[in-house]
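# Residue-level structural notes
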Amino acid sequence: MSFSDKILTWYLENKRDLPWRDTLDPYKIWLSEIILQQTRVAQGIPYYHRFIEAFPKVEDLAIANEEKVLKLWQGLGYYSRARNLHASAKMVVEEFNGTFPKTYTGLIKLKGVGDYTASAISSICFNERQAVVDGNVYRVLSRYFGVNIPINSTEGIKSFKKLAIEVLHPTNIRDYNQGIMEFGAVQCTPQSPNCSSCPLAGGCVALEMGTVKDLPVKIGKTKIKKRFFNYLVPLEHRKSDETLTQLRQRKGKGIWQNLWEFPLLETEREIGLEDIEIRHSEVLKFKRPPEISLFNSDFIVHKLSHQHLYTQFWILEGPFYRTNAIPISNLENYPVPVLIAEFMKTFKF
DNA sequence: AACACGGGGTT
DNA sequence: AACCCAGTGTT
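Residues numbered from 1 in each chain as written. Chains lettered and ligands numbered in written order. Predicted model: local features only at pLDDT ≥ 70, side-chain atom pairs only at ≥ 80, totals over all residues. Heavy atoms only, no water.

So, about unusual backbone geometry. The residue after L215, namely P216, is reached through a cis peptide bond having omega 0°. In this structure, P216 sits in the loop between α12 (205-209) and β1 (225-238). Backbone geometry places N97, a non-glycine residue, at a positive phi of 60°. Take N97: it is sitting in the loop between α6 (80-95) and α7 (104-107). Looking at N97, the relative accessible area reads 69%, which means it is exposed. For S192, which is not glycine, the phi torsion reads 45° and is therefore positive. Among the structural elements, S192 can be located in the loop between α11 (173-186) and α12. (Helix = DSSP H or I, 4+ residues; strand = E, 2+ residues; numbered from the N terminus. Buried < 20%, exposed > 50% of the residue type's maximum accessible area, 1.4 Å probe, protein only.)

Shown next, in the form of structure tokens:
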């Protein structure tokens, strides 16, 4: 039995019942694939349901405000996925009359659709002969065939893609592709893979050589940068029994593009109350000196994959010049980073 | 070729 | 703390 037949047989007996497995609708498969980029299935499932409910068809997504799309995406991370998702929905509706491209070549032109995603959609929806190479596939192929070329080197990317094409199933591309990924996610896991009950143990080079735990090989380490964020939370208590505050939308490059946050003073190092008293006007203008207090005595350290944000929330009470001022009851409508959402949940406005 | 881009789960 | 997740786009 060939490698691909073993994978396919295993899959047909072990596949999970996932929400997007009951359809070949390119819209739904595309949505699931974008959500699942660098994201675990368990984390993505509730988002998939919410998007399908809010936007049953690609036309619904295309006519939505970006604000609403980002709000639904809040908490998933890599927000360029949401912006590109929205842009591609518009492309499909406006340029292709609402019909998704039916080929790898057509699909890869969509924003946010790269080699992996174009291969996944074209093979799953149309059984096109394209090989998917995601993190699971790198792991399974490197172990079974004993390949120690670094998976994130240029040579590795090329040679694993070539190998993936060579071992593709002859006919059932659709199920084989999902099968090899599922096999990596469930059976041939990163740590403590279940080799003792593996249907592919016979023929697995890494198992034979005792190198399972060393594969796949990955080079380079992400250097983590430290940043110091001082959020200035303005509060103006009005007689109308309403409290005003202010949010701003992040623009330009960097993290959290197009999401909202409180006025931010970023510094090179930790600063204290005296510094805030002097510098708050760089960020936010008050009509008279505000009453300032620190919300969190210890840093809130928000960890991203490549930076740690040492964060202090400063509460500034007093009347301020209200461009973009909003009542606190409206805060929930804005798409915000998890760091800000956690603060809003904890702070007693 | 290297880096930026989130947040959460697992060990 | 380190690694990884159904990767893509930019520099």
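The positions UniProt marks with the feature "domain: HhH-GPD" (unreviewed entry) are residues 35-186. Across residues 35-186, the secondary structure splits into 64% helix and 0% strand, with the terminal C-alpha atoms separated by 19 Å. (UniProt positions renumbered as here; feature names shortened; annotations may be inferred.)

If you check the shell around DNA strand B, you find 22 residues, and the closest are Y79, T154, G254, W256 and H302. Interatomic distance of 3.3 Å between a backbone N/O atom of I255 and a phosphate oxygen of DNA strand B. Contacts to DNA strand B include H306, whose side-chain N or O atom sits 3.0 Å from a phosphate oxygen. (Near = heavy atom within 4 Å. Polar contact = N/O pair within 3.5 Å; in protein donor to acceptor, adjacent residues only side chain to side chain.)

This part is about the nonpolar core. One finds F3, W30, W73, L141, I180 and W256 to be the most contacted residues of the largest nonpolar core, which totals 94 residues. Discounting residues that sit within four places of it in the chain, L141 has contacts with F3, G146, V147, F160, L163, A164, V167 and I180. Core analysis: the second largest hydrophobic core is formed by 12 residues, L265, I292, L316 and F320 among them. (Core = buried A, V, L, I, M, F, W, Y, C linked by side-chain atoms within 4.5 Å. Contact = heavy atoms within 4.5 Å.)

Around DNA strand C, 25 residues are found, and the nearest of them are R21, L36, G112, R139 and M181. Here DNA strand C approaches the protein such that, of its atoms within 4 Å, sugar and phosphate make up 64%. Between DNA strand C and the protein, one listed contact pairs a phosphate oxygen with a backbone N or O atom of G135 at 3.0 Å. The contact in question runs from a phosphate oxygen of DNA strand C to an N or O atom on the side chain of R139, over 2.6 Å. The set of elements that each furnish at least two residues to the surface near DNA strand C consists of α8 (115-126), α9 (135-144) and α11. Of the residues contributing to the surface near DNA strand C, the split by class is seven nonpolar, eight polar and 10 charged. (Nonpolar A, V, L, I, M, F, W, Y, C, P; charged D, E, K, R; others polar.)

Quick look at the pattern of salt bridges now. Under the definition given, this model contains 10 salt bridges. Where R227 meets E266, a salt bridge forms, and the shortest distance between an N and an O atom there is 2.8 Å. Remark: E266 occurs in strand β5 (residues 264-267) and R227 occurs in strand β1; sequence separation between them is 39 residues. You can call R227 buried: its relative accessible area is 15%. Salt bridges sharing partners connect three or more residues here, namely R16, R21 and E182. (Salt bridge = Lys/Arg side-chain N within 4 Å of Asp/Glu carboxyl O.)

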